[in-house]
Structure formats: structure tokens, C-alpha cells
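An overview of the molecular structure
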Amino acid sequence: MIEPAAMCRQHLLGEHVECHMFRGSLLKGTTLTGFLGRGLLDSRRLVSRHDQLAQEMLHRGYRHASPLPEDFDINAVPGEVDVQVSMAEITSRCEDCRRLQTR
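Summary of the structure given here. (Residues numbered from 1 in each chain as written. Predicted model: local features only at pLDDT ≥ 70, side-chain atom pairs only at ≥ 80, totals over all residues. Heavy atoms only, no water.)

Once that is clear, we can look at the pattern of salt bridges. Where charged atoms of side chains with opposite charge meet at close range, the side chains can pair. One pass over the structure, following the stated rule, counts eight salt bridges. One salt bridge in this structure joins Arg49 and Glu15, with 2.6 Å as the shortest N-O distance. Of this pair, Arg49 sits in helix H3 (residues 46-59) while Glu15 sits in helix H1 (residues 9-28), and the two are 34 residues apart along the sequence. Judged by its relative accessible area of 4%, Arg49 is buried. (Salt bridge = Lys/Arg side-chain N within 4 Å of Asp/Glu carboxyl O. Helix = DSSP H or I, 4+ residues; strand = E, 2+ residues; numbered from the N terminus. Buried < 20%, exposed > 50% of the residue type's maximum accessible area, 1.4 Å probe, protein only.)

One way to put it is that H1 packs onto H3 with a least axis distance of 10 Å and a crossing angle of 150°. Here H3 runs roughly antiparallel to H1, going by the angle between their axes. In terms of crossing hand, the pair formed by H1 and H3 is left-handed. Contact residues: H1 offers Leu12, Leu13, Glu15, His16, Cys19, His20, Phe22, Arg23 and Leu26, while H3 offers Leu46, Arg49, His50, Leu53, Glu56 and Met57. Residue composition of the contact of H1 with H3, grouped by class: eight nonpolar, three polar and four charged. (Axes fitted to C-alpha atoms, helices over the stretch in contact; angles between N-to-C directions. Parallel < 35°, antiparallel > 145°, perpendicular 65-115°, else oblique. Left-handed = near helix turned anticlockwise from the far one by under 90°. Contact = heavy atoms within 4.5 Å. Nonpolar A, V, L, I, M, F, W, Y, C, P; charged D, E, K, R; others polar.)

For the structure shown, the criterion picks out one aromatic pair. Here Phe22 and Phe35 contribute two aromatic rings whose centre-to-centre distance is 4.8 Å and whose plane-to-plane angle is 85°, an arrangement assigned as edge-to-face. Of the two residues, Phe22 is situated in helix H1 and Phe35 in helix H2 (residues 33-37); the sequence distance between them amounts to 13 residues. On the basis of relative accessible area, Phe22 is assigned to the buried category, the value being 7%. Against the face of Tyr62 rests Arg9, its NZ or CZ located 4.6 Å from the ring centre. Lying over the aromatic face of Phe35, Arg38 brings its terminal NZ or CZ to 5.5 Å of the ring centre. (Phe/Tyr/Trp six-rings, centres within 6.5 Å; stacked < 30°, edge-to-face > 60°. Lys NZ or Arg CZ within 6 Å of the ring centre and 35° of its normal.)

Below is the structure:
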């Protein structure tokens, strides 16, 4: 997974929101096939990833008041996050993230 410190504000906060959305989808039993097929989700690491993002948010001085309960089946949708694909995707679309990668 991309290091949270190497993400721009928009992508850091966006991925944080996605963690909460994934939790909701897992609780409802909604299919996450598209995210799995693109190497963007591993439910076994969802809570730890959320916590990494929240820590970076606090480090940057942002507020964080939404812990992510582990009240879903963490093995519901095992997948692997492809860091190289994620990095290529984010740096191709975001100049701010690209700039943070070269630090």
C-alpha cells in the first residue's frame, strides 16, 4: 500500500472515507469484485490501513473522530493490494502525489 505520508490531502482523506465505505459494504454483503480485481482492497488489512491513514491525518494536524470498528468478517473478501499498480495510478493522475513521491 502507498505510504500515507506520500499521499496528497485529497487522496489521504479520500482513502480514509473509502475504508468506512468498504466496511459498510462488507457489513451489507455488497460485492466488491471490481475493487478486488483491480488490486485495491484486502479486507484483512482494512482496519490497520484505516489506522495508518488516521495517524497520518493527525500528524498533519487534521482532526480524526471516526474509528473503524472491526465488526465485519475480515476474511470476507481476501485480496491483495498491488502497490506498484496503486502507485502508478495515483502518480499518473495527481501532480501533488507525484511530487510527494520524489521527496
